[in-house]
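These are the residues of each chain, in order.
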Amino acid sequence: MSDWVEVAVGLPVPGTYHYRAHRPVAVGSRVLVPFGARSVSGVVVRAGEPPAAAVARVLDVQDVLDDEPALPADLVALCLWIADYYEAFPGEVLRGALPAGTQIVAAPVARLTAAGQATIDGQGGALPPRQRDLLARLAQRPVPRSKLGRDRGELDRLIAAGLVELGEGRSKARVRPRTERIARLVADDVDAAQAWLARAPRRLAVVDALAAAGGAMAVAVLALAVPKAAPALRELVAAGVVAIDTVEIDPTAAVAGDALPAAVTPPTLTADQRTALDAISGAMGTGFAAFLLHGVTGSGKTEVYLHAIEHALGGDGTALVLVPEISLTPQLAARFRARFGDQVAVLHSGLTDRDRLGEWQRLRKGDARIALGARSAVFAPIERLAIVVVDEEHDTSFKQDEGVRYHGRDVALTRAQRAGAVCVLGSATPSMESFAAARAGRYQLLSMPGRATARPLPEVQIVDLRTYLPDGEGMLSAPLAEALGETLAAGDQAILFLNRRGFATFVMCRACGHAFRCPHCSVSLTYHRFSDRLMCHYCGFGQRVPDACPSCKALETIDRKGLGTERIAEAVATRFPTARVARLDRDVASGAKVEGVLAKVARRETDILVGTQMVTKGHDFPGVTLVGVLLADTGLSMPDFRASERTFQLLTQVAGRAGRGDRAGRVIIQTYKPEAAAVACASRHDYVGFFDAELVSRGELGYPPHGRIAALRIDGPDPARVVAEAERLGALAAAVARGAGPGAGAVEVLGPVEAPLARLRGRTRWQLWLRSADRGALRRVIRALATAEVAGGIRVGVDVDPVSAM
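What you see is a predicted model, and the numbers here were worked out from it, not measured in a lab.

Rules used in this analysis
- Think of each chain on its own: its residues are numbered from 1, step by step along the sequence as written.
- Given that this is a predicted model, residues contribute local features only at a pLDDT of at least 70 and side-chain atom pairs are listed and counted only at 80 or more, while totals for whole chains, interfaces and linings are drawn from all residues.
- The basis for every side-chain value is the complete set of non-hydrogen atoms in the structure, without hydrogens or water.
- Side-chain atoms within 4.5 Å link the members of a nonpolar core, which is a set of buried Ala, Val, Leu, Ile, Met, Phe, Trp, Tyr and Cys residues.
- Throughout this description, buried means an accessible area under 20% of the type-specific maximum (1.4 Å probe, protein chains only), exposed means over 50%, and partly exposed covers the range between.
- Secondary structure is summarised from DSSP: a helix means a run of H or I of at least four residues, a strand means a run of E of at least two, and numbering begins at the N terminus for each.
- We call two residues in contact whenever any of their non-hydrogen atoms come within 4.5 Å of each other.
- Only centres within 6.5 Å qualify two rings of Phe, Tyr or Trp (six-membered ring in Trp) as a pair; their planes then separate them into stacked at under 30 degrees, edge-to-face at over 60, and tilted for everything else.
- A ring is scored as having a charge over it whenever the NZ atom of a lysine or the CZ atom of an arginine sits within 6 Å of its centre and within 35 degrees of its normal.
- Axis definition: a line fit to C-alpha positions, over the contact stretch in the case of helices; interaxial angles, taken between N-to-C directions, run 0 to 180 degrees.
- By definition in this entry, angles of less than 35 degrees are roughly parallel, angles greater than 145 are roughly antiparallel, angles of 65 to 115 are roughly perpendicular, and the rest are oblique.
- What counts as a disulfide here is a pair of cysteine sulfur atoms lying within 2.5 Å.
- Here, a salt bridge means any side-chain nitrogen of Lys or Arg that lies within 4 Å of a carboxyl oxygen of Asp or Glu.

1. Quick look at the nonpolar core
Now for step 1: Counting 108 residues, the largest nonpolar core has Ile82 and Leu320 as the members making the most contacts within it.
Now for step 2: The element that contributes the greatest number of residues to this core is helix α1 (residues 73-85), accounting for eight residues.
Now for step 3: Apart from the residues within four sequence positions on either side, Leu320 is in contact with Ala371, Ala377, Val378, Ala380, Ile382, Leu385, Ile387, Val388, Val389 and Arg415.
Now for step 4: In this structure, Met284, Ala289, Phe291 and Val344 belong to the second largest nonpolar core, which totals 34 residues.

What follows is the structure, encoded as structure tokens:
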């Protein structure tokens, strides 16, 4: 008897494919199937359903790679939804849902033919030494072709001679669960072997040790109990007295940090927190419900999450918590672990692949009931999902910008909806789309307008840089420099924010004007004094600063212009020599190092922290009473319709780091554009005012939340071919859009046009934007473009609901 299975193969191909399995195969299992002229691995997405149309030739599943499904059925269904909505390949989505390093792929293996075995047995002719050595190696076991390295030439000659053939095999997963070998007495054979055991004291010692341990013991422990046990153990296995089994070790919690934090007594909730919690808890168990928790910085949103999750666990449910970047919010992870202990599985970017697999397994087995992690944690294998939390839901890092371009927040909403769970989106600066959805009634809006402590929001002062000229090195105006001095004199801490890293952001020759730019990207190189190199922040290209200009050959004419966090930190340290100054940006901190920088601030071992947007994340430092924004305008002029929204969010978030302790906070925003809505509204802590103004601005052009957009990104190494393909796809889009007809379902085609970042990693980039109020009409145009053939070397990517125009 055979069953139909529908498989998403692990290749960049659209759709799924039907095969016949000669035994039942569960949804979520990985299988080996023929595809074209080769075998590939894939995931079963449906079972038992025959194809809708007649199939001329039915192919069989070659092998089932899992004893148990690699993915739960609900995650498989979620991945298919992602592939459909984001116009992605199903196999790529499913591969991304599995823990890193656990993929099993088909691989050609070299093995002896009958003629090759005869040659080994001395019945064939003489061979060169390297070929004979290779035959001897293959006589022991087949070897993957990829493992033969320099012997591939000899392999090809042996294949041509008919001594070796290539067959289908499979690779082992790079990351596998931890296992241990267990020695086990085979009871029926022990008594019969007593006389034989008595003649060998060490064999008898091994048997006695196993018997004393209840009949089984880990081989590693046995080696400690019985000196030189290995030879005796091999003899016992050969005699059938002992069997050795390999078993998986139950994973333990991979806790970030040295130890589990001490449990703490939860604070008493404010009236606003209690109202929000009652609404969220009351919705659990009644089906899907979505909430937008709009609370100012310091309002206690995390405490609401913790109480709501506690309520979910009490009802035998589980929880999924997404944060923008777990390595930047160690305090949040510590609070969860302090409250719930090892029930929390932290899917941390700083963990090894094996530790991440261990956390994944703890969730899959139910040993952990709370998954806490960044974007990809939305695929955590948890059952009985009761609540999904997306903290800082506005953060653009929830959107994947390469490969499968899904948005973690929107996938989390869909997962909660499919599970009948509650979904809570939290932010002090909600995205325009989320707040519009709350106003429209699709989400329930929960507001927390005050801080959880008696301390009010910090006072914000705008410094117009057209009036107060900043100094050249530290970008400090007189009011900000004076405030810094007062803060240090009072024994408090300060944060200085500039969203630009490096020492000098523009390097040029003052003799001829030659500018140093990345040869692979259309951006200037940034000078970093620490490494004394020019670096590209997009592709990683680097070079030393030359002594002479490469254009005019003039000596000592290279000027380092512009400001970055490295130069600011150095200038501030010079101006305030007794202050302890630290930096937080991608150049000096990643993973565990980030936690070290933040821990020093928390312990008040740092007086002034200079940083990029990394300092705006939800850090809680009671000692920080001053926040200085050195230049609020850096993002306002970006060629992106979200530029104003992002600037407002950054300013509001960084301002919220001030005054979270017992002392009042103060924020100074330096700007050349004090009248800009993003700056003015941030200075008043006025989210609603900004939203209303931005909503009007977007409505004039039909940008979200008034409509839907999608981007088609075209890139390739040959600029002329990229332009030609972009123009051809633009004409196709216009033709398909015309077919959709006028009215509400109309699709507007914008472009094609060169991308603002016109060259990246050696590839020329163009883009085409589609805009419509009708998602169905937009999808028809997208699919016509996604299935169009393109010239060789050209890459076309579809970005549904893009968050960046760059």
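Once the structure has been displayed, the description carries forward.
2. Some points on the packing of aromatic side chains
Here the distance between the centres and the angle between the planes together describe a pair of aromatic rings.
Now for step 1: The tally for this structure, following the rule as stated, stands at twelve aromatic pairs.
Now for step 2: Aromatic side chains Phe379 and Tyr406 sit 5.6 Å apart centroid to centroid with 70 degrees between the ring planes, which places their arrangement in the edge-to-face category. One end of the pair, Phe379, is in the loop between β15 (370-373) and β16 (385-391); the other, Tyr406, is in the loop between β16 and α15 (408-419), with 27 residues separating them in the sequence.
Now for step 3: Classification of Phe379 as buried rests on a relative accessible area of 4%.
Now for step 4: With a relative accessible area of 6%, Tyr406 lands in the buried category.
Now for step 5: Each member of the aromatic cluster is reached from another via a ring pair, and the members are Phe435, Phe648, Tyr687, Phe690 and Phe691.
Now for step 6: Between Arg560 and the ring centre of Tyr527, over which it is positioned, the NZ or CZ distance is 4.6 Å.
Now for step 7: Positioned above the aromatic ring of Tyr703 is the side chain of Arg771, whose terminal nitrogen or guanidinium carbon lies 4.8 Å from the ring centre.

3. Quick word on the packing of helix α16 (residues 432-439) against helix α22 (residues 687-699)
Now for step 1: Relative to each other, α16 and α22 sit at 100 degrees, their axes nearing to 11 Å. Classed by the angle they form, the pair α16 and α22 counts as roughly perpendicular. The segment α16 lies against α22, with Met432, Phe435, Ala436 and Arg439 engaging Tyr687, Val688, Phe691, Asp692, Glu694, Leu695 and Arg698.

4. Describing the state of the cysteines
Now for step 1: Scanning all chains against the criterion turns up zero disulfides.
Now for step 2: The thiol of Cys79 is not disulfide-bonded; the next cysteine sulfur, from Cys423, is found 17 Å away.

5. Structural notes on the pattern of salt bridges
Now for step 1: In total, this model carries 47 salt bridges according to the counting rule given.
Now for step 2: Across the salt bridge formed by Glu433 and Arg642, the nearest N and O atoms sit 2.8 Å from each other. Of the two residues, Glu433 sits in helix α16 while Arg642 sits in the loop between β28 (624-629) and α20 (643-655), which places them 209 residues apart along the sequence.
Now for step 3: On the basis of relative accessibility, which here comes to 22%, the residue Glu433 falls in the partly exposed class.
Now for step 4: Each of Asp84, Glu87, Arg779 and Arg783 takes part in salt bridges that share partners, so that together they form one network.

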